[in-house]
Each structure stands twice: as C-alpha cells, then as structure tokens.
Amino acid sequence: MSATATNPGTTNLGITNIGQISIIVHDLPRATAFYRDVLGLPLLFTAGNMAFFDCGGVRLMLGPASSPELDHPSSILYFRVPDINVAHRRLVELGVKIEVPPRLIAPMKTYDLWMVGFRDSEGNIMQLMSEVPRT
Amino acid sequence: MNTQNGTALARIGQIAINAHDVDRATAFYRDVLGLPHLFRAGQLSFFDCGGVRLMLDKAEKPEFDHPSSILYFQVGNIRAAHQRLKDAGAKFEDEPHVIAQMPKYDLWMTFFRDSEGNLLALMSEVPRP
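Keep in mind that what you see is a predicted model, and the values were worked out from it rather than measured.

Peer 1: Quick rundown of the overall build of chain A? Include the residues and the values.
Peer 2: Per the secondary structure count, chain A includes 2 helices and 8 strands. Written out in order from the N terminus, the α and β elements of chain A read β-α-β-β-β-β-α-β-β-β. Oriented by its inertia axes, the alpha-carbon framework of chain A measures out at about 55 × 50 × 25 Å. Each of the 135 residues in chain A was classed as buried or not, and the buried ones make up 31%. Counting only contacts in chain A whose residues sit at least 6 apart along the sequence, the fraction spanning at least 24 positions is 43%.

Next up, the structure:
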C-alpha cells in the first residue's frame, strides 16, 4: 500500500466498510427478542453472552459492557426502510416507544429525507430513515 | 417487521457519532482515518464509509452526550493499517490480535481512540489456509 497521489496528506488504511457495530445491552434475551422479532433482523448466531445480527451486511453485536467505561447508550443507528409511515405504524402496533413521529428532516436535492425516532428494549435511541424521491 | 409490507430494515443508512469539537473530529475522520468527507451542514459533518453515512455531531442535550458505539472498520491488512494509523497519531489500546477463530477465517481486531475519545476498532477477516 502507498499513500494516494490525489490525497498525499491522507492516510490510506484501506477501510472498505463498517463490518460491525457493538450495542451494549443489559438484558440479552430481551434485546435479542427486540432486534429479531420487532425490528425483524436476521439473528446470525449467539456466542456466550453475545448475540449477532445482520443488517444489510453490517453485523450488530449485542452484549454486556466489558468495562464500566463502555456501559453507555449506543450511537444512534439510522435504519433504512422503504415506507416510513408503514414502518412507523408497525412499530406502534408492536408497542415500541416512539420518540419522534415521522417528520421531514431535510429536503435534499432529489429527495426528501424522513425520519422516525424510537427506543429499543434497552432504552437506546434509534431512527428509521427513508429517502422519498421528489416528483 | 417483514419484507412484504414495506417495513423491512434493509440496511443501516447512517450512524451518529458524538464529537465535542466537530472541526477536530472532521480532521481526524478525513485525514487520519482517510474516509471521504461528503459535506458539512452547520455543526454536522458527514462522511461515507462503504455506503454508510457517518454523521459527526455535537450532542443536542446531555442525555445524548455519551461516547459512540464501537464501530469496527473492516480493512484488508490489519497490521499495515494499524501501523499507518499509529504513524498518523491515533492512540491504540492494544496490538492487532486474533479475537475469534471462525470456521473459515481468523477474526483480527485492534482498538483505538478517535480525536473525541470514542473507542473504535479495525477488524480483518483473515482466511485460514
């Protein structure tokens, strides 16, 4: 590997993608049920006190904090859905705590960006997002 | 949620990362991690990482002001990436090591801090011969 000619000041680490995101949970069976049954993500496998899910090629790792320093809420993850109103209705039906109902967050050049804020079973704030093409 | 009625969570589109100094964090993600900077909108700074948008942001309220989830950045050669990142000034918590032996590959990881103190990792799946 060598530094790129176009960005001589930039490190070339060869990062291709985010392979995994860790989400700290306090009750693994409860969190596993939420990500599997409510969010509908495929459960890949469990290993000890951890559960691994797939979300479009990114692995979500649910598990307890390995040190007090790491025992904090998750980053907000923005899950893409094709129809935000349908997805929002489904979350409501399943009893999920909605933080912010569907709203237009930003009109982009070619689409409107819609989001819904909700909490997972562990109290982490998450979002659904949908890019709605402007006609 | 299922795929039949338009509710499927197909993929993660964006991840929010708290930064206390958005300029400093932008420099780190752009110049040290080498991720493509998409655009800046006020106190928000957006990067691309293999199709997932990273949003650097100052926490809006105290409840949100906590470190990021650990994001595991996939690299081809973890030893080389570790060395380059170290040379670029990133603070590492450990050396690259095998964290799990999967059926077909060894999973290598090494943990480091971004400019905001968030714990992040490099990961690499090394096929077993």
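Having seen it, we continue.
Peer 1: Quick one: what's the story with the sheet that holds strand 8 (residues 125-133) of chain A, residue by residue and with numbers?
Peer 2: In spatial order, the strands read 6(A)-7(A)-8(A)-5(A)-1(B)-4(B)-3(B)-2(B); together these 8 strands make up an open sheet with mixed pairing. The sheet is open, and its two borders are formed by strand 6 (98-107) of chain A together with strand 2 (37-41) of chain B, each paired with just one other strand. The sheet shows a mean angle of 20° between the axes of neighbouring strands, direction not considered. Relative to strand 6 of chain A, helix 2 (residues 84-93) of chain A is tilted by about 170°, and along the sheet it contacts strand 6, strand 7 (111-119) and strand 8 of chain A. In the packing of helix 1 (residues 22-32) of chain B onto the sheet, contacts are made with strand 2, strand 3 (44-49) and strand 4 (52-57) of chain B, and the angle to strand 4 of chain B comes to roughly 150°.

Peer 1: Talk me through helix 2 (residues 78-87) of chain B; I want residue IDs and the actual numbers.
Peer 2: Residues and elements named next belong to chain B. Those residues of helix 2 that sit buried are Ile 78, Ala 81, His 82, Arg 84 and Leu 85. In a view along the axis of helix 2, the buried residues occupy a sector of 170°, so they form one face of it. On the buried face of helix 2, the contacting elements are helix 1, strand 5 (71-75), strand 8 (105-113) and strand 9 (119-127).

Peer 1: Tell me about the environment of Asp 114 of chain B, residues and numbers included.
Peer 2: All names here are of chain B. Inspection of the secondary structure puts Asp 114 in the loop between strand 8 and strand 9. Expressed as a C-alpha distance, the spacing of Asp 114 and Ala 19, which sit 95 residues apart in the sequence, is 9.6 Å. In this structure, Asp 114 is in contact with Ala 25, Phe 28 and Leu 120, ignoring residues within four places of it in sequence.

Peer 1: Describe the nonpolar core, and please don't skip the residues or the numbers.
Peer 2: Counting 62 residues, the largest nonpolar core has Leu 77, Phe 79 and Leu 128 of chain A together with Ile 15, Tyr 29, Leu 71 and Phe 73 of chain B as its most contacted members. When residues of this core are assigned to their parent elements, the largest contribution, 5 residues, is made by strand 1 (residues 15-24) of chain A. Both domains that furnish three or more residues to this core are identified here as domain 1 (19-72) and domain 2 (73-135) of chain A.

Peer 1: Can you lay out the pairing of strand 8 of chain A for me, pointing to particular residues and giving the numbers?
Peer 2: The two faces of the sheet receive side chains in turn, since in a regular strand these alternate between them. Residues and elements named next belong to chain A. In this structure, strand 5 (residues 77-80) lies alongside strand 8, joined through 3 bridges in parallel fashion. Following the sheet pairing, Tyr 78 is matched in strand 8 by Gln 127. Relative to strand 8, strand 7 runs antiparallel, the two being bridged by 9 bridges. Bridged to Met 115 within strand 8 is Met 129. Connecting strand 7 to the next strand, strand 8, in antiparallel fashion are 5 residues, including Gly 123 with a positive phi near 90°.

Peer 1: Describe the confidence of the model for chain A, and please don't skip the residues or the numbers.
Peer 2: Averaged over all residues, the pLDDT of chain A is 91; the fraction at 70 or higher stands at 93%. Low pLDDT, under 50, characterises residues 1-8 of chain A; the predicted model gives this stretch 7 contacts beyond four residues in sequence or across chains.

Peer 1: Tell me about helix 1 (residues 28-38) of chain A, residues and numbers included.
Peer 2: Residues three or four positions apart in an α-helix share a direction because the helix packs 3.6 residues into each turn. All names here are of chain A. Residues Ala 31, Phe 34 and Tyr 35 constitute the buried set of helix 1. The buried residues of helix 1 occupy one face: seen down the axis, they fall within an arc of 85°. In helix 1, those exposed residues whose orientation departs by more than 90 degrees from the buried face are Pro 29 and Asp 37. Elements in contact with the buried residues of helix 1: strand 3 (50-55) and strand 4 (58-63).

Peer 1: Break down the interface of chain B and chain A for me, with residues and values.
Peer 2: If you look at the interface, chain B gives 43 residues, while chain A gives 40 residues. Breaking the side of chain B that touches chain A down by element, the ones donating at least two residues are strand 1 (11-18), helix 1, strand 5, helix 2 and strand 9 of chain B. Top element by residues in the side of chain B that touches chain A is strand 1 of chain B. It accounts for 7 residues. Pairing between strand 1 of chain A and strand 5 of chain B: 5 bridges, direction antiparallel. Residue Ile 21 of chain A lies in a different strand from strand 5 of chain B, and its bridge partner there is Leu 71 of chain B.

Peer 1: Tell me about the pairing of strand 5 of chain B, residues and numbers included.
Peer 2: Residue and element names in this part refer to chain B. Extensive coverage of strand 5 is indicated by the burial of 5 of its 5 residues. Side chains of strand 5 alternate between two faces, with Leu 71, Phe 73 and Val 75 and Tyr 72 and Gln 74 buried alike. Pairing analysis gives 3 bridges linking strand 5 to strand 9, with the strands arranged parallel. By the bridge assignment for strand 9, Tyr 72 is matched with Ala 121.

Rules used in this analysis
- Residues numbered from 1 in each chain as written.
- Chains lettered and ligands numbered in written order.
- Predicted model: local features only at pLDDT ≥ 70, side-chain atom pairs only at ≥ 80, totals over all residues.
- Helix = DSSP H or I, 4+ residues; strand = E, 2+ residues; numbered from the N terminus.
- Buried ≥ 20, exposed ≤ 12 C-beta atoms within 10 Å, placed from the backbone.
- Contact = placed C-beta atoms within 7 Å.
- Pairing = 2+ DSSP bridges.
- Axes fitted to C-alpha atoms, helices over the stretch in contact; angles between N-to-C directions.
- Arc of directions from axis to C-beta.
- Core = buried A, V, L, I, M, F, W, Y, C linked by C-beta atoms within 7 Å.
- Domains from an automatic or database assignment.
- pLDDT = per-residue confidence, 0-100.

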